[in-house]
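Spelled out from the first residue to the last, the chains are:
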Amino acid sequence: MGFLDTFRSPAMVHALAVHAPISLAFLGVPLVILAAVLKERGAGMRWLAVVAYLGLVIAAFLTVQTGEAARSALPNAAGVIDDPVWNLVHSHEGMAGKVWLFALVTALLTACTAAQNPRMRVTTGMLAVLAALATAGWIGLTGHYGGTLVYVHGLGTPALQYKQQLISQGQTPAATTPPTPAAPGRLETAPAPAPPDPAGPAAAVLPPAVVETESALPPVPVREVSYAQEVIPILREHCYGCHGKASGLNLETIDAMLVGGKKAGPSVRAGQPGKSPLIQYVTGELQPRMPQGGEPLSENDIAILRNWIATGMKDDSPG
Ligand code: HEC
């Protein structure tokens, strides 16, 4: 991995980014203490501390963004990340999302130590020190959870990608029917002409890329996925363009998927992703691989579709 590639890995970017808020939170504590005990003479310290905590508000916000990117890059396949680990991910995210609030309160209390009234100054000074300690403690614990995810559970490391690979191979059902020869036809009633695609003919003659292996691994638990939030966006981006209401196969509703298309019948079979044409077409087990003429779906997207079918295709869409 080249040096610049480091910055293309969202997990790496996040690992680097977390240093900013952690350093600010710990450097801020002595500044606030000095600002509180030095009274008028602490003016310089005070404003330095206020600036540091306002910087922390911003750093916390930016770090959360890198964390969200790292989270979306995590493998989604069932069994790669266990439920307790997902829970830890959620606690880490929940805590990280509140860091800015701690920092803002500390900044405000520290600013209040500029008060003329000595009573006010002492009270806010003590509160500011407590807030600074709470901020550091909160960030420390957030970072500890984050560290546990990486170092104990391997999130964002190549080890996890390897596990995902093993599982996705193990889950691939053995081919029961030989793939139909690549015959790039059109859905009889497909409305819009397919966009001209440079990779078209080449993509159609590619052999199915999925290695068909007998499942040697024990069945792995599947993660519940949301139809509205995870499945629809994938289908909308990659499939609706050709498989809308007026086409030979409508993928826009679950009912329509159950009706399916002329060629392969119902596109989904609840609980049986390996026997669902929707999956067989996106993996290339059935040809032409879908989306026709386009880039194949990512392993992650396929895993989401698989899990949704495996867990009974629940409909959590609003309408
Ligand atoms: C560029 C247009 C296009 C896109 C995008 C596309 N398809 Fe297709 N799809 C077709 C055509 C054309 C056929 C008929 C192919 C054939 O049988 O030769 C088809 C057939 C199918 C079938 C079998 C239909 C039947 O008759 O039983 C399934 C299932 C399917 N597509 C799923 C998908 C999924 C899932 C996606 C998105 C990941 C997708 N398609 C994206 C054009 C497209």
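Here, every reference points to the structure presented above.
Procedures and definitions
- Residues numbered from 1 in each chain as written.
- Predicted model: local features only at pLDDT ≥ 70, side-chain atom pairs only at ≥ 80, totals over all residues.
- Helix = DSSP H or I, 4+ residues; strand = E, 2+ residues; numbered from the N terminus.
- Buried ≥ 20, exposed ≤ 12 C-beta atoms within 10 Å, placed from the backbone.
- Contact = placed C-beta atoms within 7 Å.
- Near = placed C-beta within 6 Å.
- Nonpolar A, V, L, I, M, F, W, Y, C, P; charged D, E, K, R; others polar.
- Core = buried A, V, L, I, M, F, W, Y, C linked by C-beta atoms within 7 Å.
- Expected span 1.5 Å × (residues − 1).
- Axes fitted to C-alpha atoms, helices over the stretch in contact; angles between N-to-C directions.
- Parallel < 35°, antiparallel > 145°, perpendicular 65-115°, else oblique.
- Left-handed = near helix turned anticlockwise from the far one by under 90°.

Asks: Now, about the overall build of the chain: what can you tell me, with residues and values included?
Replies: Broken down by element type, the chain carries 12 helices and 0 strands. Starting at the N terminus and ending at the C terminus, the chain contains elements arranged as α-α-α-α-α-α-α-α-α-α-α-α. The buried share among the 319 residues of the chain stands at 32%. For the chain, contacts bridging at least 24 residues in sequence account for 74% of all contacts bridging at least 6.

Asks: How would you sum up the site of the ligand? Please name residues and give values.
Replies: Among the 30 residues in the neighbourhood of the ligand, the closest are listed as Cys239, Cys242, Gly261, Lys263 and Ala264. Here the shell around the ligand gets 4 residues from one element, more than from any other, and that element is helix α11 (residues 277-283). Across the shell around the ligand, the residue classes tally to 16 nonpolar, 11 polar and 3 charged.

Asks: Residue-level account of the nonpolar core, with values.
Replies: Counting 25 residues, the largest nonpolar core has Val32, Ala49, Tyr53, Leu56, Ala103 and Ala128 as the members making the most contacts within it. Element by element, the count of residues in this core is highest for helix α3 (residues 43-72), at 8 residues.

Asks: Describe helix α5 (residues 99-112), and please don't skip the residues or the numbers.
Replies: With 14 residues, α5 extends 20 Å between its outermost C-alpha atoms, agreeing within 8% with the 20 Å of an ideal straight helix rising 1.5 Å per residue. Those residues of α5 lying buried are Val99, Phe102, Ala103, Thr106, Ala107, Leu109 and Thr110. Each element contacted by the buried residues of α5 is listed here: α2 (19-37), α3, α4 (83-96) and α6 (118-152).

Asks: How would you explain the packing of helix α1 (residues 10-17) against α3 if you had to name every residue and give the values?
Replies: Between α1 and α3, whose axes approach to 8 Å, the crossing angle comes to 155°. By the angle between their axes, α1 is roughly antiparallel relative to α3. Note on packing geometry: the crossing formed by α1 with α3 is left-handed. In contact with Pro10, Ala11, Val13, His14 and Ala17 of α1, α3 contributes Leu62, Thr63, Thr66, Gly67, Ala69 and Ala70.

Asks: Pulling in residues and values, what's your account of α3?
Replies: For α3, spanning 30 residues, the distance from its first C-alpha to its last is 44 Å, which sits close to the expected 44 Å at 1.5 Å a residue. Among all positions of α3, only Met45, Arg46, Ala49, Val50, Ala52, Tyr53, Leu56, Ala59, Ala60, Thr63, Gly67 and Ala70 are buried. At its buried positions, α3 is contacted by α1, α2, α4 and α5.

Asks: Help me get a handle on the packing of α2 against α5, residues and values and all.
Replies: Interaxial distance between α2 and α5 falls to 12 Å at its minimum, and their mutual angle equals 20°. Here α5 runs roughly parallel to α2, going by the angle between their axes. Seen from above, α2 lies across α5 with left-handed handedness. Residues Pro21, Gly28, Val32 and Ala35 of α2 touch α5, and the partners they reach there are Val99, Thr106 and Thr110. Classifying every residue of the contact of α2 with α5 gives 4 nonpolar, 3 polar and no charged.

Asks: Would you mind going over unusual backbone geometry in detail, with residue names and values included?
Replies: Leave glycine aside and you will find that most residues have negative phi; peptide bonds, for their part, are mostly trans. Residue Pro288 is reached from Gln287 by a cis peptide bond, and omega for that bond is 0°. Among the secondary structure elements, Pro288 is positioned in the loop between α11 and α12 (299-310). Following Met290, the chain continues to Pro291 via a peptide bond in cis, the omega torsion being -5°. Along the polypeptide, Pro291 turns up in the loop between α11 and α12. Residues other than glycine seldom take positive phi values, yet Met313 does so here, at roughly 50°. Its place among the elements puts Met313 in the segment after α12. C-beta crowding within 10 Å serves as the criterion here: with 18 such atoms nearby, Met313 is assigned to the partly exposed category.

Asks: Describe the environment of Ile234, listing the residues and the values that go with them.
Replies: Within the secondary structure layout, Ile234 lies in helix α9 (residues 227-238). As for Ile234 and Leu297, which are separated by 63 residues in sequence, their C-alpha atoms are 8.7 Å apart. When neighbours within four sequence positions are excluded, Ile234 is seen to be in contact with Asp301, Ile304 and Leu305.

Asks: Describe the environment of Gly241, with residues and values.
Replies: Inspection of the secondary structure puts Gly241 in the loop between α9 and α10 (254-259). Separated by 50 residues in sequence, Gly241 and Pro291 have C-alpha atoms that sit 9.7 Å apart.

Asks: Could you give an account of the environment of Gly55, naming the residues involved and the relevant values?
Replies: Its location among the elements puts Gly55 in helix α3. Along the sequence, Gly55 and Ala103 sit 48 residues apart, while their C-alpha atoms lie 8.7 Å from each other.

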